[in-house]
Amino acid sequence: MVCLGVLTYLAWRVVHDTTRDWWEKDINLRAQLVVNGARQGLIRHWETPGDGLKGLLTEILHDERIMGVAACNADASLLAETQDFPRRFNCNELGLHVRPAANAPGPEWKVWWTKATLPGGDVQVSTIPVLDQDVPLGFVALVHDLNFVARREGKTQRFILVAFAVLAGAASLITLVAIRLSWRSWSNELRRLVRGGGPRPEFQPLLQDVRELIDRISTEREADIQGGAWTPQRLKHTLNRHLHGEKVVILANREPYIHERTEDGRTKVLHPASGLVTALEPVMRACSGTWVAHGGGSADRATVDAKGRVKVPPGEESYVVRRVWLSPEEEKGYYYGFSNEGLWPLCHLAHTRPLFRGEDYKCYRAVNQKFADAVCEEVDSPDPIILVQDYHFALAPKMIRDRLPRATVLMFWHIPWPNSERFGICPWRNELLEGMLGSSILGFHTPVHCNNFVDSVERFMESRTDRGQSAIVHHQRATLVRPYPISVEWPNHWAQLSPPVAECRAAVFAELGLKPDALLGVGVDRLDYTKGIEERLLAVERMLERYPAFVGRFTFVQLAAPSRTVIERYQQLNAQIEATAQRINQRFGRDDYRPIVLFRAHHEPPTVFKYYRAADLCYVSSLHDGMNLVAKEFIAARDDEKGVLVLSSFTGASHELTEALIVNPYDFDEAASALVMALNMSVEEQQDRMRSMRSFVAEFNVYRWAGRMLVDAARLRRRDRLTGRLSEHLLTAEGG
Ligand code: F6P
């Protein structure tokens, strides 16, 4: 408004000054014309002024705009004047301006004019010299009434202002219409894009922003709406809301329930010792769907339907296990061979040399295809959500994508990813990477493993890395590479089913024949060289050596589930651990005291939780571990907020559970000191540390792990649908 006011004033000023200038010049010109027109008559009467001259002046006065006329002699004396010639002007004064200065060279008389204000209004006086053949006789002064100028000026100004206003209005209207039209076209364009129209290049950055905004808002809304802890219900809700309750298909080598034939011919169900199962089983119970796995139990075939399916958990039956059968040769080459003698030692820094055999890899590839085919049989839409688990299936994501190009494939790598130099020793490195890049999202436990993977791809593949998006673009497809630290269910149903801590402790003490004042440490692992079990026993030995007061008082129980026993390295490990335990027991044991109790057997979760709850400390001494869920399970088990976790710094868990006593498992002195510190720790400090770790695991539980991946998957699916439609439209537009 202020702008418009200023503009109008400026316009008025310009119009006023310009028109005024025009009129003044025009009046002067007219005065000269009038005097020139009457010049002959003036000359004739000049010498004998009288009525003749006055009559002539009166003639001039007929122009209504001239108020008065006077004729002045060359000496500035008045010759004649009309009746109303204003007194204000006299020949003397006017002559000063018309006549040349007394000492000026030559007879240069000039036209002169001025303005003045009289009681009747503004006037302009023009003085015009009268020359007779270049001889100046005098001058005529004409007084013009400027009121008519003011009137005309007003009219002109009004006209111009109205015109200006009309123009300004028209311009504003045109601008508004243009803005409206262009906004509408932008909105239409946006709407078209959101609904799946074809993008124009100029909309690409905007589209990107809109996508990011939608992503952010949906994530924030997700957090706001749900708030609080991740629970099975919240995970289910997330699946329903973001993925319209789509069926989830998991591919993992290990099945969650193994049916085994007992010696007396009955069938029993086992829960395998597996971090993967610990994490994923509660997720499947929450989401339902199908878990495709190797049917390795002796009664597995007897418990499935014709299509290899069985509903689990027994008695609850909330999801399906689809079993895939492997021949002994397939198992040898794929599972024991390439997976566990090749990839497993390749990915773990645990000083066991990887063995790469061509026939194992061939088998691995064929079995990956077999499982990928089984997955494709289990899906019920062209764009299913498939969760591929672990190093057993590096090739499966691409195989699945080849058959189901629109599938959302989430691959989670449960073990560490080595640096690119180390990974580079694998003869089939490119094919493995290519296979994994068939995933939509590739998850690792830690950012370090993500970076190692990205480095490996950059080093060995033709691809582009989008660090901002944490994505690798390969064959025009993007794979997001993200850290998703895995966890355990919370609250933990095994902990909830366990007897009270005191009861567990009493039961374990009775089983082990421990005195009431005994101190108990526990270790729970598969018998694997990466777990540092031997190093753990050696740390206990060092502790007893350095702190003899604990001899006779401290017992360490190792629950060691036999694993991959067909592999020579595992057999060696088994023997070594047995021998080490025996040696330490011989060194420090007495009749009724064994410092090391080694249970080499599979233990079902109720037993494992009983030991967790009975112990004063739990020592997790992995030499290298992606996460290690034993550490988190121990915390979940300790609802009494007591017990101390001693944790290897080479586990993913050590980055999260910082209230544990973190040790280097290779440093036996440090580990021994930590064990002593744990045993001497006050109850208050135990509670402080345990409380803090429990609240962390409660919040960052496995439902959150799965939920985050599924939310990311949902986001990706929205994008893929959008981009799919965008490119379809683009192709149609180009074709048309
Ligand atoms: O820790 C890696 C891992 O593959 C886990 O994912 C799984 O829990 C464990 O090893 C079990 O191995 P396996 O299936 O060979 O017994």
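Scope of this entry: the structure provided in the associated data block.

## Thoughts on the overall build of the chain
Next up, step 1: Regarding its fold elements, the chain presents 23 helices and 23 strands.
Next up, step 2: Relative to the globule expectation of 27 Å for 736 residues, the C-alpha radius of gyration of the chain, 50 Å, shows a markedly less compact shape.
Next up, step 3: Counting only C-alpha atoms, the chain reaches 165 × 65 × 45 Å along its principal axes.
Next up, step 4: Counting all 736 residues of the chain, 52% fall into the buried class.

## Examining the site of the ligand
Next up, step 1: The ligand sits among R254, S274, G275, L276, Y335, W344, D390, Y391, H414, I415, R526 and R564.
Next up, step 2: Between R254 and the ligand, the recorded distance is 3.1 Å, taken from a side-chain N or O atom to an oxygen atom.
Next up, step 3: One nitrogen or oxygen atom from the main chain of G275 is found 2.7 Å from an oxygen atom belonging to the ligand.
Next up, step 4: Within the complex, the protein chains bury 92% of what would otherwise be the 380 Å² of accessible surface of the ligand.
Next up, step 5: When contributions to the shell around the ligand are tallied by element, the ones reaching two or more residues are α8 (275-287) and α9 (328-347).
Next up, step 6: For the shell around the ligand, a count of residues per class yields five nonpolar, three polar and four charged.
Next up, step 7: Counting only domains with at least three residues in the shell around the ligand, you end up with domain 2 (243-324) and domain 3 (326-486).

## Some remarks on the packing of helix α17 (residues 533-546) against helix α21 (residues 668-680)
Next up, step 1: It is at 8 Å that the axes of α17 and α21 come closest, and there the two elements cross at 70°. Our classification of the angle between α17 and α21 gives roughly perpendicular. Contacts between α17 and α21 involve E535, L538, A539, V540, R542, M543 and R546 from the first element and F668, D669, A671, A672, S673, L675, V676 and L679 from the second.
Next up, step 2: Its residues placed into classes, the contact of α17 with α21 shows ten nonpolar, one polar and four charged.

Rules of the game
Per chain, residue numbering runs from 1 following the sequence as it is written. Where totals are concerned, whole chains, interfaces and linings use all residues; where local detail is concerned, this predicted model gives features only for residues with pLDDT of at least 70, and gives and counts side-chain atom pairs only at 80 or more. Remark: hydrogens and water are excluded; side-chain values derive from all non-hydrogen atoms of the structure. Helix and strand definitions follow DSSP, with helices as H or I runs of at least four residues and strands as E runs of at least two, each counted in order from the N terminus. Only C-alpha atoms enter the radius of gyration, while the globule expectation follows 2.2 Å times N to the 0.38, with N the number of residues. A simple rule labels every residue: compare its accessible area, found with a 1.4 Å probe on the protein chains alone, to the largest value its type can have, and call it buried under 20%, exposed over 50%, or partly exposed in between. A molecule or strand has a residue near it when one of that residue's heavy atoms lies within 4 Å. In protein, a polar contact requires one atom able to donate a hydrogen and another able to accept it; more generally it is a pair of N or O atoms within 3.5 Å, and residues adjacent in sequence count only if both atoms are side-chain atoms. Note on areas: Shrake-Rupley, 1.4 Å probe, and residue coverage restricted to the protein chains presented here. Each residue is assigned to one of three groups, with Ala, Val, Leu, Ile, Met, Phe, Trp, Tyr, Cys and Pro labelled nonpolar, Asp, Glu, Lys and Arg labelled charged, and all others, Gly among them, labelled polar. For the domain bounds, the source is a domain assignment made automatically or taken from a database. Note on method: axes are straight lines fitted to C-alpha atoms, helices fitted across the in-contact stretch only, with angles between N-to-C directions ranging 0 to 180 degrees. Convention used here: angles under 35 degrees read as roughly parallel, angles over 145 as roughly antiparallel, angles from 65 to 115 as roughly perpendicular, and any remaining angle as oblique. In what follows, residue pairs with any heavy atoms lying within 4.5 Å of each other are defined as contacts.

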